[in-house]
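This is what each chain is made of:
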Amino acid sequence: MDYSKFMDANFDAKEWVNSAFRNHKDSGVSKDQYATTMVMKLQVFIQEVNNVLEEASQQALQNLPRVVRELDAVKQESVLLQDQMRVVKQHIQKVEQDTSQSMQALLKLDGIKSRMKTTADALKEADNWTTLSADIDEVFQSHNIDEITDKLCGMQQSLLMLVDTADYGEKCLQLEKLKNRLEALLSPQLIAAFNAQSLDQTQKYVKIFESIDRLPQLYKYYHKCHKNNFLQSWKTTWDSSQTKSAVSDLYDLLLSAWHTQIKWSAQVFPEPVSIVLDLLTQTLTSLSPPLPTVFNTLVGEREKTLDVLIELKQISGRFAKNLVSAVETYIQDASFQHSSSIEQLLKAIYSPYQLYTNKYRIYEEVALTKHLDSIKLDHEEVIDTVQLLAESVTKFFSAANSANERCIMLTNGFCYSGLLDAYKTYFVAYTREFRRVLINIKEKCRTGARVDIEDWSDFQNALRIIQTCGNLLMQTEELDTLVASSVLDTLGHLVTCHSPTKESSQLVLSSCHTFQFQASLFLSSHTDTESLENLVHKLEEGESPPVFAEITSDLSKLSGEVHRFAFDIVFSQLKNFLSAVSGMEIWTSQSSGGAMTSDLPTFSLSPQEYITKVGQYLMTLPQHLDPFTLQDSPALTIALKHGRLPYTNHQEVPDHLADLWLESVAMGTMHTYTEEILKIPQLTAHGCKQLVTDIEYLCNVLEDLGLRSSDTLSHIHTLLQVKPEQFADTAELLPQRVSHTVGSMRGIQV
């Protein structure tokens, strides 16, 4: 029987019993016998455990007195040890007090020894300087480079110990002159080694120049040697082909030079990346002719300045991108902790463009103005002029979109402030021309004369111009969205990521990818940089460029002017019908047809011809408006939102524009009619009844059209109907201007 399971911390009695009974089949006995046997075995085992526990308890009780005695002994020993440690501490304190003066004396002696050793070393180095400088001329005459180098290194080491001597400055000058002699002696061999790309010789000279602290001078020889070769190649290339391909060939030459020189320089120079990049930078800044002159020549030959500059910028951009990528690839396995060299090279690449980017707004304005001049807006026939206006919208915004693309391609988006200013000038010029054409159309249309009621061609033309205004507003909004997204796509990541967010070897060039540095490649003014950065922040917050708010406001005014023009066309007939109302003789007549009619009821009178013409015109107006305004045209809706119809003040445009037009014309009719009524000098009783009849007729027409009369017309109607004795009480409740005027007309004192 396995008793080890009883010592398990997770002992399960049921599991143990089940396990034991699973094995009883092999014993050949029944379950009861097997269980009885197991119980007996467990009882025996329990008895054995009890015996063991009893023996262990007896032994523990017997050993307990001895343990107590041993604990007392340990306690006494610990007290004794504590007393001894206290005595030792007192002895140590006494020794420190007795020997403090002796230790100070020893420290003074040690300081004296150190100063004496320093003095001895200085005297030795001074003597060494004298010894070395005594025979330096003979060493130079021997032309033994290694011996000369050793002498100069020894003098240089000695000079470090002679800093506080009186003639230290003279010794420095003397040593510099000797280094110059050695440099002059080595320069022909050094140049030959650079030209031959000799590793052994160059490594030897690097050690020599490093030992005498003249490595920067060595780099100058390296730069001068290879730079002259590059400059000669550039001069030959430009003289043979004064085209953009010459610039491309120059960049190819420099990129090839990077790959070849970095491999060679890495074997001889301690900082090869900076040295090779400085070589490329010096080459670009020393070109003859320089790149600004080359660009001026290339741009001056073409009319499309921006297009030529973009082509050149693409060439420069490819070179800069390939070079930076090559540098980042190389420094993954190298130590390069300074990005100033790549920054200077990028500035040398893009500096020729600053002359143009600083005037980018002017160049863009010229390009857009030339395009605008090419858009024809005028024609002898009105319908053709309207068609030209409609077609001009697509051409106009095509140029605006192209300007946005040019800004990205030429300036990487850093001249968006100039582009927005150019947009403002461009839109102002276009709307000015639009208004000029609109004035010409107004002169050709017969808005001021009486025309055929059935001729609606002028209104149709005006409505097409309104649709053109709507298209202008819609595409302006699209251009606003396009520019905002373009600015954020090109500049947003630079503004929000000023510092690296992860560590990698490529991040040593992170300063070259910051907003401030990238902006400095295209903008020379710090103010322009801050203004552009603020613009990006505003766009990120959901705001719109301020210039588009001004442009939209101007286009809204233009839409309002066109709506007024279209309204005048529709309203001209009604205005003619109502123009002579105030001077009609009927208002001062006493009767109709010679009979006394003052006592006749109002319904016995008929509305006059002028008001029936007005009513007929208003009743037929919907059928003339529907074909033009029922069409599903978002442009008409947008134009109406920005350019309100006269005599309306709707915050939202209704589903059917014809309803709004009808309301506008009706309100204009009532306004004109009421103003004409208030000009009537005198009303007889008959004239008053006739006017009431005319007003009621107009109100009935308006009601049939689903419109209600204006408050002013209702007030006049009320004052004309009221009896003279009740006039004063009624007038108190109505506007003073209307009540006084109507009272004067009726000869009633208010």
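Refer to the structure above for everything that follows.
Residues numbered from 1 in each chain as written. Predicted model: local features only at pLDDT ≥ 70, side-chain atom pairs only at ≥ 80, totals over all residues. Heavy atoms only, no water.

Enquirer: Looking at this structure, how should I read the overall build of the protein chain?
Expert: Each helix and strand counted, the protein chain has 26 helices and two strands in total. Taking all 750 residues of the protein chain together, 40% fall into the buried category. Counted over contacts in the protein chain with a minimum sequence separation of 6, partners at least 24 positions apart contribute 77%. Counting every atom, the protein chain has about 41500 Å² of accessible surface; 51% of that belongs to carbon and sulfur. (Helix = DSSP H or I, 4+ residues; strand = E, 2+ residues; numbered from the N terminus. Buried < 20%, exposed > 50% of the residue type's maximum accessible area, 1.4 Å probe, protein only. Contact = heavy atoms within 4.5 Å. Areas by Shrake-Rupley, 256 points an atom, 1.4 Å probe, with all protein chains shown as cover.)

Enquirer: Can you walk me through the layout of surface pockets in this structure?
Expert: In this approach a probe as big as a water molecule rolls over the atoms, and the regions it shows empty are the leftover space. The calculated volume of the largest pocket comes to roughly 500 Å³. What lines the largest pocket is a set of 20 residues, among which Gly317, Lys321, Tyr350, Asn412 and Gln518 lie closest to the centre. Contributions of two or more residues to the lining of the largest pocket are made by α11 (305-330), α12 (340-357) and α16 (457-496). No other element matches the seven residues that α11 contributes to the lining of the largest pocket. (1 Å grid on protein atoms, 1.4 Å probe; cavity = no way out; pocket = protein on both sides within 12 Å on 5 of 7 lines; lining within 4 Å. Points joined across faces, edges and corners; volume = space filled by probe spheres on them.)

Enquirer: Honestly, a nonpolar patch on the surface in this entry has me stumped. Any pointers?
Expert: On the surface, a cluster of nonpolar side chains totalling about 530 Å² of accessible area is made up of Met103, Leu106, Leu109, Ile112 and Met116. Structurally, Met103 can be placed in helix α2 (residues 31-134). Judged by relative accessible area, which is 49%, Met103 ranks as partly exposed. (Patch = residues over 30% accessible without salt bridge, like charges linked within 9 Å, V, L, I, M, F, W, Y side chains within 5 Å. Salt bridge = Lys/Arg side-chain N within 4 Å of Asp/Glu carboxyl O.)

Enquirer: When you look at the packing of helix α23 (residues 685-704) against helix α24 (residues 711-721) in this model, what are you seeing that I'm missing?
Expert: The N-to-C vectors of α23 and α24 enclose an angle of 145 degrees; their axes lie 10 Å apart at closest approach. Our pair here, α23 against α24, has a crossing hand that is left-handed. Touching Cys688, Leu691, Val692, Ile695, Glu696, Leu698 and Cys699 of α23 are Leu713, Ile716, His717, Leu720 and Gln721, all from α24. By residue class, the composition of the contact of α23 with α24 is nine nonpolar, two polar and one charged. (Axes fitted to C-alpha atoms, helices over the stretch in contact; angles between N-to-C directions. Left-handed = near helix turned anticlockwise from the far one by under 90°. Nonpolar A, V, L, I, M, F, W, Y, C, P; charged D, E, K, R; others polar.)

Enquirer: Just to check I follow, could you spell out the packing of aromatic side chains for this structure?
Expert: Any aromatic ring pair is given by two values, namely how distant the centres are and how the planes are angled relative to each other. Taken as a whole, this structure holds 25 aromatic pairs when the rule is applied. When the centroid spacing of 4.2 Å and the interplanar angle of 10 degrees are considered together, the rings of Phe396 and Tyr426 count as stacked. Pair noted here: Phe396 is in helix α14 (residues 382-411) and Tyr426 is in helix α15 (residues 416-444), with a separation of 30 residues, a long-range link. What makes Phe396 buried here is its relative accessible area of 0%. In this structure an aromatic cluster arises from ring pairing among Phe295, Tyr350, Tyr353, Phe414, Phe515 and Phe522. (Phe/Tyr/Trp six-rings, centres within 6.5 Å; stacked < 30°, edge-to-face > 60°.)

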